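What follows is the residue order along each chain.
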Amino acid sequence: MAKILVVEDDPDISALVVHKLRGAGHTVLDASDGEAALAAIRSEQPDLVVLDWMLPRMNGLEVCEAVRADAALDGTRILMLTAKAQEADLERAFAAGADEYLQKPFSTRELVVRTQALLARP
Amino acid sequence: MRYDVAGWVLVAAAGATVLLLVVITAVRASTIVANRRHERERSEVLPLLLEITDGADVPLPGDRRAARALGTSAAALVHKVRGADRADLAGWLRRNGFREEALRGLRARRPARRAAAAELYLALDDDPGPVLPLLSDTHARVRATVVRALGEAGAVTAIPAIVEAAVAPRGVSTSTAAMAVVQAGPSSASAFGPVWDSADPRARRLAADVAGHLGLADARPHLERALRSEDQTLRTRAAVALGRVGSPLSVGALETALVGVVRGSVEERAILDALAALDSPREAR
């Protein structure tokens, strides 16, 4: 099973996502701001990051760009989980290097399924 | 004598300053203590909250504080999820009397409580009726929250009331109302009901915008009628909407509207663009 980092500043959503991903058999870490997330990505090298957009200190888009700019983190998959709903937001997320995009309010079942599909990609 | 008065004023000012600092410190300290207690209570009930999202029928804790913390957490989370998680949380909240509590909260004195009660009620009940009076609440924040919550709840039957709130003197912004209507997701123009015949062209403009945005094919007769309105903005928006709906049956109505339109106007541009979108382009005159 994969190592996943959940980056979310809402403690209830974070706990829920961590719980459901652990239930799916993954090893799950969590962070609540952008800087802590980037530090955890560099030290823990997770297979996948579930990343909120609106975060304290460093937003999700900046984290995404920093990961893509770091050759040592090549292969880290990123799923953006965000309340931003405009088409332009989706384009910005993919342009910044996100692999998948899920809009809030969200279904944890869908999140787990998308996570599995993303991890299965070559 | 003058020195004495000045001295007393100085002492009084210093006393008032010290008192103010004491009050500020006390308020800050009590806020920190309350936040910490809230956080501790939230952490304690978190495992129960997660059990609820796993579909377990968790009994309401006997301890009042824990019961309130679990209810508050579940009520906050129910808006942030959908699908099975939302169904599980909403079911648990309904079974434990939170729908009735939300109904009581709609009449609360504090605006924030009324807004929160409306949001919670709409997450737990399909009938938006009880919250509609809050669309004319005295507080703008309550009105805006209710409109947004109606949209999130997919309350299609509330669409005429939302549009009415957008044009009311004490209502909500047009953009907030339009977003809520789009989010409610009407599948037919009939969801707008009396709005199409409203005496207020602003209401019909909003309906035209949303119908065009959503591509509601059965809005065509209403939009074609709006092309003959005395309100130029409505005529322009109706033309844009007909272009988006995309029915070639509208070409005749657009051509007729083009005859009397002011050359070089925004309205003319909208009609020409709509005709082009319907594969019936015309040259600007």
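If you're wondering where the values come from, they're calculated on a predicted model, not measured in any experiment.

Cut-off values and rules
Residues numbered from 1 in each chain as written. Chains lettered and ligands numbered in written order. Predicted model: local features only at pLDDT ≥ 70, side-chain atom pairs only at ≥ 80, totals over all residues. Heavy atoms only, no water. Contact = heavy atoms within 4.5 Å. Buried area = accessible area lost by both parts, 1.4 Å probe. Salt bridge = Lys/Arg side-chain N within 4 Å of Asp/Glu carboxyl O. Pairing = 2+ DSSP bridges. Helix = DSSP H or I, 4+ residues; strand = E, 2+ residues; numbered from the N terminus. Axes fitted to C-alpha atoms, helices over the stretch in contact; angles between N-to-C directions. Core = buried A, V, L, I, M, F, W, Y, C linked by side-chain atoms within 4.5 Å. Buried < 20%, exposed > 50% of the residue type's maximum accessible area, 1.4 Å probe, protein only. Phe/Tyr/Trp six-rings, centres within 6.5 Å; stacked < 30°, edge-to-face > 60°. Lys NZ or Arg CZ within 6 Å of the ring centre and 35° of its normal. Patch = residues over 30% accessible without salt bridge, like charges linked within 9 Å, V, L, I, M, F, W, Y side chains within 5 Å. Areas by Shrake-Rupley, 256 points an atom, 1.4 Å probe, with all protein chains shown as cover. Right-handed = clockwise from strand over helix to strand, strands pointing away. 1 Å grid on protein atoms, 1.4 Å probe; cavity = no way out; pocket = protein on both sides within 12 Å on 5 of 7 lines; lining within 4 Å. Points joined across faces, edges and corners; volume = space filled by probe spheres on them. Nonpolar A, V, L, I, M, F, W, Y, C, P; charged D, E, K, R; others polar.

**A few points about the interface of chain A and chain B**
Interface size, as often reported, equals the accessible area lost upon joining of the parts. Each side of the interface is counted separately: chain A has 14 residues, and chain B has 14 residues. Summed over both sides, the interface between chain A and chain B buries roughly 1400 Å², with carbon and sulfur atoms accounting for 53% of that surface. The largest per-residue losses of area from chain A upon contact with chain B belong to D12, L16 and P105 of chain A, which jointly make up 39% of the total buried on that side. Between D10 of chain A and K80 of chain B there is a salt bridge, and its shortest N-O distance comes to 2.6 Å.

**Description of the sheet that holds strand 2 (residues 27-31) of chain A**
Residues and elements named next belong to chain A. The parallel open sheet is built from five strands, whose spatial order is 2-1-3-4-5. In the strand order of this sheet, the two ends are held by strand 2 and strand 5 (100-103), each with one partner. Averaged over neighbouring strand pairs, the angle between their axes works out to 20 degrees when direction is ignored. Summarising the sheet, strand 1 (residues 3-7) and strand 3 (residues 48-51) pair through four bridges and their orientation is parallel. Bridge assignment links L5 to a residue of strand 3, and that residue is V49. Across the sheet, helix 3 (residues 60-68) touches strand 3 and strand 4 (77-82), and the angle it forms with strand 4 is around 175 degrees.

**Re the nonpolar core**
Judged by nonpolar contacts, the single largest core of 101 residues is most densely connected at V50 of chain A together with L150, F192, L223 and L254 of chain B. Non-local contacts of V50 of chain A, meaning those with residues more than four positions away in its chain, are made with I4, L5, V6, V7, L21, L79, L81 and L111 of chain A. Membership of the second largest hydrophobic core comes to 24 residues, among which are A31, L55, M58 and C64 of chain A.

**A word on the packing of aromatic side chains**
The final tally for this structure, using the stated rule, is three aromatic pairs over all chains. Relative to F98 of chain B, the ring of W92 of chain B has its centre 5.8 Å away and its plane inclined at 25 degrees; by these criteria the two rings are stacked. Across the pair, exposure class does not vary: W92 of chain B and F98 of chain B are buried alike. The side chain of K84 of chain A reaches across the aromatic face of W53 of chain A, ending 5.2 Å from its centre.

**Examining a nonpolar patch on the surface**
Together, L19, V23 and V27 of chain B give the surface a local cluster of nonpolar side chains, amounting to about 270 Å² of exposed area. Mapped onto the elements, V27 of chain B comes out in helix 1 (residues 2-53).

**Remarks on the pairing of strand 5 of chain A**
The side chains of a regular strand alternate between both faces of the sheet. Residue and element names in this part refer to chain A. Pairing geometry for strand 4 and strand 5, over four bridges, is parallel. Its bridge partner being in strand 5, L79 is matched across the sheet by E100. In the classification by handedness, the crossover that spans strand 4, the intervening helix 4 (residues 87-95) and the parallel strand 5 is right-handed.

**Some details on the layout of surface pockets**
Here the largest pocket is characterised by a volume of approximately 910 Å³. Taken together, 28 residues form the lining of the largest pocket, with A85 and Q103 of chain A together with E152, M179 and Q183 of chain B sitting closest to its centre. Those elements that place two or more of their residues in the lining of the largest pocket are helix 6 (140-152), helix 8 (174-184) and helix 9 (201-214) of chain B. Here the lining of the largest pocket gets eight residues from one element, more than from any other, and that element is helix 8 of chain B. Among the residues forming the lining of the largest pocket, the class breakdown is eleven nonpolar, eight polar and nine charged. The computed volume of the second largest pocket comes to approximately 580 Å³. Forming the boundary of the second largest pocket are 19 residues, of which T72, A75, E101, A116 and L120 of chain B lie nearest the centre. Put simply, the parts of the chain that give the lining of the second largest pocket at least two residues each are helix 2 (64-77), helix 4 (98-105) and helix 5 (111-124) of chain B. Ranked by residues supplied to the lining of the second largest pocket, first place goes to helix 5 of chain B with six residues. A breakdown of the residues in the lining of the second largest pocket according to their chemical character gives eight nonpolar, four polar and seven charged.

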